[in-house]
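Spelled out, the chains give:
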Amino acid sequence: MRFAHTIGKINAVILLTVFYLVIIGVIALAKRSVSMFQPHHKGWIKKESLDPTMDWASHQY
Amino acid sequence: MGNIAASTSKTILGLSFDYHDAAVAILKDGELVAAAQEERFTRKKHDEHFPTNAIDYCLKEAGLTIQDIDYVVFYEKPILKFDRLLETFVYTWPHGLKTFLKAIPVWMKSKLWVKQTIQKTLGYSGPILFSEHHLSHAASAFYPSGFEEAVVVTIDGVGEWETTTIGYGKGDDLTITESIHFPDSLGLLYSALTYYLGFKVNSAEYKVMGLAPYGDPEPYDSAMRKLIQLNPDGSYQLDQRYFAYTYGLTMTNKKFDRLFGAPPRQPESPLTQREKDIAASLQRITEEAVLGIVKHAYELHPSENLCLAGGVALNCVVNEKILKQSPFKRIFIQPAAGDAGGALGAALYMSHTVFNNPRSFEMKHTYLGPAFSDHEIKEALESQKIVCHKQDRDALIKTAARLIANNHVVGWFHGRMEFGPRALGNRSILADPRKKENWQRVNLKIKFRESFRPFAPSVLEDKSSDYFDNVCPSPFMLLTAQTKTKDIPAVTHVDNSARLQTINREQNPMYYNLIQTFGDITGCPLLINTSFNVRGEPIVCSPQDAIQCFLNTDMDDLFIGSYRVSKSENIHLIRPEDRERYLKTFNLD
């Protein structure tokens with residue numbers, strides 16, 4: 001009984017892990033196809049200048 | 001202006017930590033009072049941990065407590081950096097899982113909680129602000145440059161997203177206008193090849209630069225050009241198929257190995273012509289890339305002045321090419337161009353742009369660290385039972401110059417410690433540049449480092465043109481020049497270049513007088529100047545550090561404060577087992 005309980009727990013952990021990885025994988029594959037999500041912007045990127053008048057306390061990160 | 005900016009800034013503490021080279025800089029009423037890297041206190045090279053010791057020192061130097069600090073400024077934005085980590089993980093899925101799982105606990109445990117760490121560790125309850133990584137670099141270069149207006153270029157591995165930026169500064173204003181983003185990174189390209197050549201990433205890139213003149217760039221030129229595409233507008237792209245840094249625990253991958261025909265060199269294995277050729281090829285393409293970037297920067301913002309920062313700005317060979325081949329007439333390079341300088345830049349940006357404090361200083365030297373009194377030095381010497389002699393300043397300088405002329409290698413410890421990676425005459429090992437054998441002698445018996453590595457000369461600024469071609473002031477040892485003479489073989493690299501430090505009396509009177517006196521004796525106003533440390537050790541900070549380094553190497557004499565220590569009079573203190581233990585204290589860099 002105790003053995004079956006342990007096996008059940010291990011199975012649950014494995015299933016949850018697989019489920020998590022599948023979900024992450026699906027999201028990743030989906031997002032890879034969306035070009036705006038890709039981190040690889042090529043060449044020079046115009047930088048929006050920082051507004052020195054902004055409230056630094058609320059934009060600190 | 002926001003609620004914080006409306007108040008008047010008095011004291012700002014700039015911090016950088018959590019990646020590498022943790023550092024602190026303190027501005028008091030707009031003046032840079034002190035700056036130091038944590039590694040000097042903890043004796044762990046490139047120490048990235050919270051800089052408790054450096055903060056304690058800076059506060060003490062400024063005569064303040066943490067409660068007197070008006071603003072603390074961190075040099076980058078952790079959330080944006082975390083955003084890059086997440087997006088890169090998603091983009092590289094499933095390859096990056098291992099790296100992701102390794103990185104996430106560190107981020108969740110500490111890197112995301114910078115504000116809380118500062119508050120808790122320092123007991124600080126005032127405002128904490130966050131600059132941006134490359135903005136901090138840019139500010140560290142522009143504000144202390146002395147230029148009224150200048151183009152500012154920053155190039156490093158990666159900040160939050162940016163790896164290269166172009167900006168423009170005028171008066172108190174500084175704006176970044178264009179940037180290149182991760183994973184395209186000139187700094188990471190250099191680091192990837194540093195890894196491939198068997199050296200330590202984020203530490204030994206300068207060794208690759210020193211290795212390059214031994215090689216021929218041609219054999220690996222086509223392979224190198226497959227790694228990076230240089231565009232006519234100065235931008236560039238790395239071919240990510242050859243790199244693993246976006247998803248792996250190494251910098252390069254198997255495809256990279258196939259391109260270069262072999263796996264990465266094992267650290268400490270013998271160097272062959274192959275590694276030298278690859279280094280030469282990398283150095284050449286880096287020079288081309290940086291020249292493209294600065295020329296584009298000039299087109300965007302025509303100016304005669306250029307400011308540089310970021311780790312790539314420590315490549316003095318590139319800097320020399322910029323000076324000779326770009327339209328810029330004057331150049332200022334932040335001496336602490338790596339992340340340590342970010343602490344200074346963050347504080348300066350806040351002071352000038354956010355709080356509108358007028359610019360008030362030009363960085364003419366880097367002596368911003370701790371100094372020690374003769375009393376403290378005497379105590380340190382006595383605690384080790386060291387035989388020493390007290391001399392007045394003039395006598396000390398004459399004795400040191402005479403001994404160096406007699407081919408002694410001396411440790412030179414005076415005044416405030418340097419900020420940044422270079423020892424510039426206050427924590428230096430000095431020797432005679434006229435003797436070629438000193439190149440190997442200092443490398444192998446004193447620094448215990450690779451024999452190929454060159455040495456830099458310190459030369460009197462007003463005499464530099466006698467020894468070097470087209471030389472301009474290089475106070476921070478960040479420019480190279482071609483030597484005109486064969487009289488200084490110990491500081492002349494195989495391509496006839498030298499990475500020189502020019503020095504004038506205003507910057508460091510004592511060091512200037514020493515070189516001048518050596519010149520009076522020998523007719524050669526130059527010295528070999530290398531950092532006071534052994535391989536893998538941070539530059540010495542305290543008298544105790546200097547004494548340990550002196551006793552455990554083949555240095556002949558130590559000049560420390562007003563005291564002269566001779567090895568021959570202290571030979572009874574030297575034990576081989578102590579030396580072995582000492583050298584093992586430091587991880588090889």
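Each residue is numbered by its place in its chain's sequence as written, counting from 1. Lettering for chains starts from A, numbering for ligands starts from 1, and both go in the order in which the items are written. This being a predicted model, a pLDDT of at least 70 is required before a residue's local features are given, and a value of 80 or more before pairs of side-chain atoms are given or counted; all residues contribute to the totals for chains, interfaces and linings.

A separate point is the overall build of chain A. For helices the rule is a DSSP run of H or I covering at least 4 residues; for strands it is a run of E covering at least 2, with both sets numbered from the N terminus onward. The number of helices and strands found in chain A is one helix and one strand. Three exposure classes are used, based on other C-beta atoms lying within 10 Å of a residue's own C-beta, which is placed from the backbone: buried for 20 or more, exposed for 12 or fewer, and partly exposed in between. For chain A, with 61 residues in total, the buried portion stands at 5%.

In this section: the overall build of chain B. Assigned secondary structure in chain B consists of 20 helices and 21 strands. Only C-alpha atoms enter the radius of gyration; for comparison, a globular chain is expected to reach 2.2 Å times N to the power 0.38, where N is the number of residues. Relative to the globule expectation of 25 Å for 589 residues, the C-alpha radius of gyration of chain B, 23 Å, shows essentially globular dimensions. Counting over 589 residues, chain B shows a buried share of 56%. C-beta atoms are first placed from the backbone for all residues, and any pair lying within 7 Å is then listed as a contact. Counted over contacts in chain B with a minimum sequence separation of 6, partners at least 24 positions apart contribute 73%.

Residue and element names in this part refer to chain B. The buried fraction of helix α19 (residues 543-551) is high, at eight of nine residues. Within α19, burial applies to Pro543, Asp545, Ala546, Ile547, Gln548, Cys549, Phe550 and Leu551. The elements touched by buried residues of α19 are α14 (374-383), β14 (410-413), β20 (557-560), β21 (563-566) and α20 (576-584).

What follows concerns the sheet that holds strand β4 (residues 71-74) of chain B. For sheets, the rule is that strands pair by backbone hydrogen bonds, running either parallel or antiparallel. All names here are of chain B. Two strands pair if DSSP finds at least two bridges between them. Pairing is mixed across the open sheet formed by five strands, whose spatial order is β3-β2-β1-β4-β5. At either end of the open sheet lies a strand with only one pairing partner, and these are β3 (31-37) and β5 (128-130). If you compare each strand with its neighbour and ignore which way they point, the axes differ by 20° on average. As judged from the six bridges shared by strand β2 (residues 23-28) and β3, these two strands associate in the antiparallel manner. The partner of alanine 23 across the bridge, within β3, is glutamine 37. Note on geometry: axes are lines fitted to C-alpha atoms, helical ones only across the stretch in contact, with angles between N-to-C directions running from 0 to 180 degrees. Along the sheet, helix α13 (residues 339-354) makes contact with β1 (11-16), β2, β3, β4 and β5, crossing β1 at roughly 150°.

A few words now on the environment of Ile176(B). Residue and element names in this part refer to chain B. Structurally, isoleucine 176 can be placed in strand β8 (residues 173-181). With 23 C-beta atoms counted inside 10 Å, the residue isoleucine 176 sits in the buried group. Here the alpha-carbon distance between isoleucine 176 and histidine 134, two residues 42 residues apart in the chain, equals 8.6 Å.

Residue and element names in this part refer to chain B. Here, a nonpolar core means buried Ala, Val, Leu, Ile, Met, Phe, Trp, Tyr and Cys residues linked by C-beta atoms lying within 7 Å of one another. Among the nonpolar cores identified, the biggest contains 187 residues, and Val24 and Ala347 are the most heavily contacted of them. Among the elements that make up this core, the one with the highest residue count is helix α11 (residues 273-300) (10 residues). Sequence-distant contacts of alanine 347, that is, excluding residues within four places in its chain, are made with Ile12, Leu13, Gly14, Ala25, Leu27 and Val73.

Before going further, it helps to spend a moment on the sheet that holds strand β12 (residues 330-333) of chain B. One open sheet holds the six strands; their spatial order is β1(A)-β8(B)-β7(B)-β6(B)-β11(B)-β12(B), and the pairing between them is mixed. This sheet does not close on itself; its edge strands, each paired only once, are β1 (45-46) of chain A together with β12 of chain B. Across four bridges, strand β11 (residues 305-309) of chain B lies against β12(B) in parallel orientation. Residue pairing in the sheet places Leu308(B) in a bridge with Ile333(B) of β12(B).

Moving on, we get to the pairing of strand β7 (residues 162-170) of chain B. All names here are of chain B. When you tally the buried positions in β7, you get eight out of nine residues, the bulk of the element. As judged from the seven bridges shared by strand β6 (residues 149-155) and β7, these two strands associate in the antiparallel manner. Directly across from threonine 154, in β7, lies its bridge partner threonine 165. Connecting the antiparallel pair β6 and β7 is a turn made up of six residues. Bridging between β7 and β8 involves eight bridges; their strand directions are antiparallel. Residue pairing for β8: glycine 167 is matched across the bridge by isoleucine 176.

With that settled, consider the pairing of strand β19 (residues 526-531) of chain B. Residues and elements named next belong to chain B. When you tally the buried positions in β19, you get five out of six residues, the bulk of the element. In this sheet, β19 lies alongside strand β15 (residues 427-431) in antiparallel orientation, the contact comprising four bridges. Along β19, the bridge assignment pairs leucine 430 with asparagine 529. Relative to β19, strand β16 (residues 456-460) runs antiparallel, the two being bridged by four bridges. Note that in β19 the partner of alanine 456 across the bridge is asparagine 529.

Residue and element names in this part refer to chain B. In this structure, tyrosine 75 sits in the loop between β4 and α3 (78-92). Here tyrosine 75 falls in the buried class, since 32 other C-beta atoms lie within 10 Å of it. It is 26 Å that separates the C-alpha atoms of tyrosine 75 and threonine 250, two residues lying 175 residues apart in sequence.

Residue and element names in this part refer to chain B. Two elements in contact, helix α6 (residues 133-142) and α13, have axes separated by 7 Å at closest approach and are oriented at 85°. Taken together, α6 and α13 sit at an angle that is classed as roughly perpendicular. Across the interface between the two elements, His133, Leu135, Ser136, His137, Ala138, Ala139 and Ser140 from α6 touch Gly341, Gly342, Leu344, Gly345, Ala346, Leu348 and Tyr349 from α13. In this count, Pro and Cys sit with the nonpolar residues alongside Ala, Val, Leu, Ile, Met, Phe, Trp and Tyr, while Asp, Glu, Lys and Arg are called charged and the others, Gly among them, polar. Partitioned by chemical class, the residues of the contact of α6 with α13 number seven nonpolar, seven polar and no charged. Oblique is the label for every angle not falling under 35 degrees (roughly parallel), over 145 degrees (roughly antiparallel), or within 65 to 115 degrees (roughly perpendicular).

Time to look at the domain arrangement of chain B. Note: interface size is frequently given as the accessible area lost on complex formation between the parts. Residue and element names in this part refer to chain B. When cut into domains, chain B gives domain 1 (11-138 + 337-354), domain 2 (181-333) and domain 3 (374-584). What counts as a domain boundary in this text is fixed by an automatic or database domain assignment. Between the C-alpha centres of domain 1 and domain 3 there is a distance of 32 Å. At the junction of the two partners, domain 1 supplies 10 residues and domain 3 supplies nine residues. Residue composition of the side of domain 1 that touches domain 3, by class: four nonpolar, two polar and four charged.

The next point concerns unusual backbone geometry. All names here are of chain B. A cis amide bond links tryptophan 93 to the next residue, proline 94, at an omega of 0°. With respect to the element layout, proline 94 can be found in the loop between α3 and α4 (97-111). Of note in the backbone geometry, lysine 385 takes a positive phi value of approximately 55° without being a glycine. With respect to the helices, strands and loops of the structure, lysine 385 is situated in the loop between α14 and β13 (389-390).

For the rest of this paragraph, the subject is the environment of Gln325(B). Looking at where Gln325(B) falls in the secondary structure, it is placed in helix α12 (residues 316-325). Between the C-alpha atoms of Gln325(B) and Lys295(B), which are 30 residues apart in sequence, the distance is 9.3 Å.

Once that is clear, we can look at the confidence of the model for chain B. Residues and elements named next belong to chain B. A residue's pLDDT is the confidence the predictor assigns to it, expressed on a 0 to 100 scale. Per-residue confidence for chain B gives a mean pLDDT of 95; residues scoring 70 or more make up 98%. Segment residues 1-7 is flagged for pLDDT under 50; beyond a separation of four residues in sequence, or across chains, it makes 17 contacts in the model. Both scores are available for the predicted complex, with the pTM at 0.93 and the ipTM at 0.88.

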